[in-house]
Amino acid sequence: MVNLEYLERLKLVSRPWGQKIVASLLLFPNYNIFARVDIRVEGMEHIPRDENVIFAMNHTDRFNYWPFQYKLWSQRCFPYSTVWVKAKYYQNALLARGLDLCNLIPVPSLGYLLEEFFQERFRRKPDKQEYRIFKDLIEGKKDEYGLFLRIGESFAALGESFIEQVRNSYEEIMSRVAEISKAALFEKNLNLIIFPEGTRSVKFGGGKNGLAQLALNTGKKVIPVGCNNSENVYKGSLPFARSGYVLYRVGEPLTPEGALKECQIGVDFKLFSKESRERYEAQFNRATEIIMGRINDLLDSRYRAGAPG
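Here is a short report on the structure shown in this document.

Rules used in this analysis
- Residues numbered from 1 in each chain as written.
- Predicted model: local features only at pLDDT ≥ 70, side-chain atom pairs only at ≥ 80, totals over all residues.
- Heavy atoms only, no water.
- Salt bridge = Lys/Arg side-chain N within 4 Å of Asp/Glu carboxyl O.
- Helix = DSSP H or I, 4+ residues; strand = E, 2+ residues; numbered from the N terminus.
- Buried < 20%, exposed > 50% of the residue type's maximum accessible area, 1.4 Å probe, protein only.
- Phe/Tyr/Trp six-rings, centres within 6.5 Å; stacked < 30°, edge-to-face > 60°.
- Lys NZ or Arg CZ within 6 Å of the ring centre and 35° of its normal.
- Polar contact = N/O pair within 3.5 Å; in protein donor to acceptor, adjacent residues only side chain to side chain.
- Pairing = 2+ DSSP bridges.
- Axes fitted to C-alpha atoms, helices over the stretch in contact; angles between N-to-C directions.
- Parallel < 35°, antiparallel > 145°, perpendicular 65-115°, else oblique.
- Contact = heavy atoms within 4.5 Å.
- Nonpolar A, V, L, I, M, F, W, Y, C, P; charged D, E, K, R; others polar.

1. Comments concerning the pattern of salt bridges
Summed over the entire model, instances satisfying the criterion amount to 15 salt bridges. A salt bridge links glutamate 8 to arginine 176, with the nearest nitrogen and oxygen atoms 4.0 Å apart. With a gap of 168 residues between them, glutamate 8 in helix H1 (residues 4-9) and arginine 176 in helix H7 (residues 152-186) connect regions that are remote in the sequence. In this structure glutamate 8 comes out as partly exposed when scored by relative accessible area, which is 41%. For arginine 176, a relative accessible area of 13% translates into the label buried. Through salt bridges that share partners, Glu42, Arg249, Asp300 and Arg302 make up one connected network.

Shown next, in the form of structure tokens:
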């Protein structure tokens, strides 16, 4: 389970040998010998070589950031990167070890913690009704505790203390995620790749505001990246690419004094906290809207939000 103790043990490095091994022993032969993968990057000049940035990319498939990382690695002039990934991928201990060696940052969601704590208490996963009701209450969307009458056993055993346990754990964990992310950008000479949609989708969807919070808090440039056709190269859940092309369009940096100027908060705030979300929701949402719009503009028409099909 990805909890606070797990994240306390996580150590990022500036030159992750796990990424070097994957690039040299898996991606190079895959892209050049066993298949022919043409990795095209338009707008490479928008990526700084002497500072660390946040890449904001759409997420079409499990591995659509791999060709991008490989292309930058092969240039030998850009910093290495880390990536925000879903904590659920760390449920397999062997896979979790591999992800750690590749310098990735697991980011648990409220839903992930709810399921993990529930299973720890009941030795089973919550059903859909239990999950929905508890998640709404944890997020403060519902105050009608009569809803628990429909899952009486669960409420009797868990009660309000369970809700507070999940809320408090989420705050603590996200505080640690903030520390790791800022250390990556300011201390470890790493770029950070974030998928603001929060989930995979070929059609570009709505964005979550975690990336915007980080950008506004750190003042780091956001580099929008539109990934096209990767889902036709990485068809399934296995990390082996088919022959084809992947096209990345890199947009101009979104800076605190430029595109994100209207969203600046002007005071230090605690990342990913309930207080910050409530106080600065308008700024976070506006920054997210700007970032998502720039990514959308970099996509082929079939991927764009609102496009038919």
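2. Quick look at the packing of aromatic side chains
Counted under the stated rule, the structure contains 16 aromatic pairs. Aromatic side chains tyrosine 65 and phenylalanine 195 sit 5.9 Å apart centroid to centroid with 55° between the ring planes, which places their arrangement in the tilted category. Pair noted here: tyrosine 65 is in the loop between strand E2 (54-57) and helix H3 (66-75) and phenylalanine 195 is in the loop between strand E5 (191-194) and helix H8 (210-218), with a separation of 130 residues, a long-range link. Given a relative accessible area of 8%, tyrosine 65 falls into the buried group. When the ring of phenylalanine 118 is compared with that of phenylalanine 134, the centres are 6.2 Å apart and the planes differ by 65°; the resulting orientation is edge-to-face. A residue pair is termed long-range when its members are at least 10 positions apart, and phenylalanine 118 in helix H5 (residues 110-122) and phenylalanine 134 in helix H6 (residues 128-138) qualify at 16 residues. Summarising the burial analysis for this pair, phenylalanine 118 and phenylalanine 134 share the class buried. Over the ring of tryptophan 73 we find arginine 76; its NZ or CZ atom is 4.1 Å from the centre of that ring. Over the face of the ring belonging to phenylalanine 122 we find arginine 124, whose NZ or CZ atom lies 5.4 Å from the ring centre.

3. A few points about H6
Residues of H6 that are buried: Glu130, Ile133, Phe134, Lys135, Asp136, Leu137 and Ile138. Sitting at the amino-terminal end of H6 is aspartate 127, which places a side-chain oxygen 3.1 Å from the backbone nitrogen of glutamine 129. After H6 finishes, the residue glycine 140 shows a positive phi value of roughly 75°.

4. A few points about the pairing of E2
Covered by surrounding structure in E2 are Ile54 and Ala56 together with Phe55 and Met57, the residues of both alternating faces. For E2 and E5, the ladder comprises three bridges, and the chain directions are parallel. Counterpart to phenylalanine 55 in the pairing with E5 is isoleucine 193. For E2 and strand E6 (residues 222-228), the ladder comprises four bridges, and the chain directions are parallel.

5. Some words on the packing of helix H2 (residues 17-34) against H3
The N-to-C vectors of H2 and H3 enclose an angle of 105°; their axes lie 11 Å apart at closest approach. Relative to H3, H2 is oriented roughly perpendicular. Across the interface between the two elements, Gln19, Val22, Ala23, Ser24, Leu26, Leu27, Phe28, Tyr31 and Asn32 of H2 pack against Trp66, Pro67, Gln69, Tyr70 and Trp73 of H3. Classifying every residue of the contact of H2 with H3 by side-chain character gives ten nonpolar, four polar and no charged.

6. Points about the sheet that holds E2
Across the sheet, which stays open at both edges, the seven strands sit in the order E1-E7-E6-E2-E5-E3-E4 with mixed pairing between neighbours. Lying at the two open borders of the sheet, with one neighbouring strand each, are strand E1 (37-42) and strand E4 (105-107). Taking the axes of each pair of neighbouring strands and ignoring which way they run, one obtains an average angle of 25° across the sheet. Two elements, strand E3 (residues 81-86) and E4, share three bridges in a ladder whose sense is parallel. Of the residues in E4, the one forming a bridge with valine 85 is proline 106. Seen against the sheet, helix H10 (residues 281-297) touches E2 and E6 and runs at an angle of roughly 40° to E6.

Shape is all these values report; function is a separate question.
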